[in-house]
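Architecture at a glance
Residue-level listing of the chains:
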Amino acid sequence: DLKTPTNQDLITYRKEHLGKSLSLQYKVPIKMVRGAGQYLADQFGKKYLDTVNNVAHVGHEHPKVVKAGQEQMALINTNSRYLHENINALAKELLETLPPELSVLHFVNSGSEANELAIRMVKANTGEKDIIASEVGYHGNANMCIDISSYKFDGKGGSGALEHTQIFPLPDAFRGKYRGNQTGEKYAAEVQQCIDTIHNKKRGVGALIIEPIISCGGQIELPEGFLAKSYEYVRKAGGLCISDEVQTGCGRMGKTFWGFQLHNVIPDIVTIGKPLGNGHPIAAVACTQEVAEKFANGMEYFNTFGGNPVSCAIGAEVLKTVKRENLQQNALEVGEYLKSELKELTKTFPIIGDVRGQGLFLGIELVDEELNPLAEQTDYLANRMKDHGILMSTDGPDHNVLKIKPPIVFTKENAKELIHYLKKIFAEDFMQI
Ligand code: PMP
C-alpha cells in the first residue's frame, strides 16, 4: 500500500502498537513534516510558530548543525574508545561556558542518562543513598530518575516517595507553602528539615538535585537566596549539589549561560540534555575533578553511543552557533520584552495571576480570584492558540501554567505576534467552559 496514511490511520496504529502510556499533543493531533528556525509545518502546509520546543535550541533544522551531523556521519561513527578530535572539541566548547571548578565531562545520550549517572556519582562519592529533591520535580524516565521525581511518583500511577527520597515543598512564592518576597530562607529551612530527617534515621546525605527554574512545576523561579542557603546546608551535611540544567541550560536564561549562575552558586555536578544536540540525542554530565576521581573507583563507565563523533560534531556546532549568533543575548532581549508585554496583559485580564521566568523560559499562571487554578481555561487557550498557528504547552501540578520556551532564535516580531493572539483569545468568553 503506497498511499500516505491519513492522520486517523497513524492514530489507530499507534493505539494498538505503540506504548499505551504515550500521549498525543492537542485534541486534534498534528503531523509535522518540516521545521525551520522557530517554525514548523504540517502536511497541509500550515505554518506554526513554535513557542514550545526548547530542544530545537538554535532553531529547527539549523543548516550548520544539520551539515555538521551529515558530514561526520558520512566519514565515521564509532564509540569513544577510539581517539577522535570531535569529543575533545565539544568538551572544550562546553568547558568554556562553565566555571573552572567544573572541568570533567561524561557524555551520554539523554537527560535521563545524565541524571542517572549523576546519582551514581553521588553514591560512589558519598556512600549515601538519600537524595533531596523538590516536590513536582522531574528528572527523567530511568528507574533512579523516577525515584527522585515527585512529578511522577506523586502523580497518576505513582505510589509516593521511597525511603531514600526526601521531598521538600515546591518553592513557589506565588501559590506555594510560603508566599511573597523573602521566602528563600523559609524554603531552605525545608531542605534542612529533609537533612534532619535523614540524620534522625542515622543515615547521611547523598545529594540535593534541583532545576534552577522548576519547569514541570510550572516554571517556578527559585526565591532569592534559596539555592545558596540550601547548598550551604547540604554541603555542611556532607552531601553534593546537582543542578539539572536539562531544560534551562545553554544560554536560554539570557542573563547567564547556565541557570545556577543566576543564583551565585557552583554545583558539584551539572546535568545537560535537550538543547545540546538541537534534536539529536546527546547529553552530558559536568563535574569537579574530585567527584570524577572518586567515581573512577575501578568500575569502568562505558556508554556505547555517548560521545560518538557524530553526536559530538552536532553538539559542538550547537554551542558554536549559540555564540556566533549571539543567541544568549537574543534570549535576554526578546525574553525581557515578551515578559514585560505579558505583564501588561495582566492589567486587562485578571485571570493571569502571575508571569514569571527568565530569558526565553517563561510561564503564565491562570487563576480565579481566590487563586484557584484554572486548568480547563489554560487548556482552552493552548488549543485556541494552535488554531491561530501558535504552538503553546501547559504544565504545573494543577495544569494551569502556559509555558513559553521556544527555540532561542525567537524574534521580537514573533513575540509581538504571540501577544497579539494571546490578547485575542484571552478576550474570548471562555470562563464557563
Ligand atoms: N531533567 C529535566 C529537568 C527534564 O525536563 C527532562 C525531560 N523532560 C529530563 C531530565 C529527562 O530528559 P530526557 O527526556 O532527555 O531523558
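Residue positions within a chain follow its written sequence, with the count starting from 1. pLDDT decides what is reported in this predicted model: residues at 70 or higher carry local features, side-chain atom pairs at 80 or more are listed and counted, and totals for whole chains, interfaces and linings draw on all residues regardless.

An unreviewed UniProt entry lists the protein chain under the name Aminotransferase class III-fold pyridoxal phosphate-dependent enzyme, with Urechidicola vernalis as the source organism.

For the rest of this paragraph, the subject is the overall build of the protein chain. Secondary structure elements follow DSSP: runs of H or I of four or more residues count as helices, runs of E of two or more count as strands, with numbering from the N terminus. The helix and strand tally for the protein chain stands at 13 helices and 17 strands. For a compact globule the rule gives 2.2 Å times the number of residues to the power 0.38, and the radius of gyration it is set against comes from C-alpha atoms. Scaling as 2.2 N^0.38, a compact globule of 433 residues should have a C-alpha radius of gyration of about 22 Å, and the protein chain matches this with 22 Å. C-alpha extents for the protein chain along the principal axes are approximately 60 × 60 × 45 Å. Three exposure classes are used, all based on how many other C-beta atoms lie within 10 Å of a residue's own C-beta (placed from the backbone): buried at 20 or more, exposed at 12 or fewer, and partly exposed between those limits. When burial is assessed residue by residue, the protein chain has 51% of its 433 residues classed as buried. The contact rule is simple: place each C-beta atom from the backbone, and if two of them lie within 7 Å, those residues are in contact. A fraction of 73% describes how many contacts in the protein chain between residues 6 or more apart in sequence connect residues 24 or more apart.

Around the ligand lies a shell of 14 residues, among which S110, G111, S112, G140 and V246 are the nearest. Ranked by the residues each element gives to the shell around the ligand, the list is headed by helix 4 (residues 111-126), at three residues. Near, for a residue, is defined by distance from a backbone-placed C-beta atom to a molecule or strand, with 6 Å as the limit that must not be exceeded.

In this section: the packing of helix 11 (residues 327-348) against helix 13 (residues 412-426). Two elements in contact, helix 11 and helix 13, have axes whose closest approach is 10 Å; the angle formed by their N-to-C orientations is 15°. Looking at the two axes, helix 11 sits roughly parallel to helix 13. The hand of the helix 11/helix 13 crossing is right-handed. Across the interface between the two elements, V334, Y337, L338, E341 and L345 of helix 11 pack against K412, A415, I419, L422, K423 and F426 of helix 13. To obtain an axis, a line is fitted to C-alpha atoms, over the contacting stretch when the element is a helix, and the angle between two such axes runs from 0 to 180 degrees between their N-to-C directions. Each angle gets one of four labels, with under 35 degrees taken as roughly parallel, over 145 as roughly antiparallel, 65 to 115 as roughly perpendicular, and the rest as oblique. We call a crossing left-handed when the near helix sits turned anticlockwise from the far one by less than a right angle, and right-handed when that turn is clockwise.

With a phi angle near 50°, E61 is a residue other than glycine that sits in the positive phi range. Positionally, E61 belongs in the loop between strand 3 (47-50) and helix 2 (63-75). Under the C-beta neighbour-count criterion, E61 is labelled partly exposed, with 14 such atoms within 10 Å. Its identity as a non-glycine residue notwithstanding, N278 has a phi of 55°, on the positive side. Along the chain, N278 falls in the loop between strand 11 (269-272) and strand 12 (283-287).

Within a beta sheet, neighbouring strands are joined by backbone hydrogen bonds and run either parallel or antiparallel to one another. By definition, two strands form a pair when at least two bridges between them are found by DSSP. Reading across from one edge, 13-14-17-16 is the order of the four strands in this open sheet, with antiparallel pairing throughout. Whereas interior strands pair on both sides, the edge strands pair on one side only; in this sheet they are strand 13 (352-358) and strand 16 (393-395). The mean inter-strand angle of the sheet, taken between neighbouring strand axes irrespective of direction, is 25°. Of the strand pairs in this sheet, strand 16 and strand 17 (residues 401-404) are connected by three bridges, and their pairing is antiparallel. From the neighbouring strand, S393 faces strand 17, where its bridge partner is K403. Helix 11 rests against strand 13 and strand 14 (361-366) of the sheet, and its axis sits at about 170° to strand 13.

It is worth spelling out helix 11 at this point. Helix span, as expected, comes to 1.5 Å for every residue beyond the first. Taking 1.5 Å per residue as the helical rise, helix 11 with its 22 residues ought to reach 32 Å, and the 32 Å between its terminal C-alpha atoms agrees with that figure. Buried within helix 11 are the following residues: L327, Q328, N330, A331, L332, V334, G335, L338, K339 and L342. For helix 11, the elements touching its buried residues are helix 10 (309-324), strand 13, strand 14 and helix 13.

For the rest of this paragraph, the subject is the pairing of strand 10 (residues 240-244). The buried fraction of strand 10 amounts to five of the five residues, a majority that puts the element mostly inside the structure. Covered by surrounding structure in strand 10 are L240, I242 and D244 together with C241 and S243, the residues of both alternating faces. Summarising the sheet, strand 7 (residues 205-210) and strand 10 pair through four bridges and their orientation is parallel. The residue bridging A207 from the neighbouring strand is L240, located in strand 10. Bridging between strand 10 and strand 11 involves three bridges; their strand directions are parallel.

The strand order 1-2-3-15 describes an open sheet built from four strands, whose pairing is mixed. At either end of the open sheet lies a strand with only one pairing partner, and these are strand 1 (32-36) and strand 15 (390-391). For strand 3 and strand 15, the ladder comprises two bridges, and the chain directions are parallel. Bridged to D50 within strand 15 is L391.

Looking now at the nonpolar core. The term nonpolar core refers to a set of buried Ala, Val, Leu, Ile, Met, Phe, Trp, Tyr and Cys residues connected through C-beta atoms within 7 Å. V234, A284 and V285 are the most contacted members of the largest nonpolar core, which has 113 residues in total. When sequence neighbours within four positions are dropped, the list of residues in contact with V285 reads L105, H106, V108, A114, L117, A118, I269 and T271.

Here T321 shows up in helix 10. A residue is classified by how many C-beta atoms lie within 10 Å of it, and T321, with 20 of them, is buried. Along the chain, T321 and H388 lie 67 residues apart, while their C-alpha atoms are 30 Å from each other.

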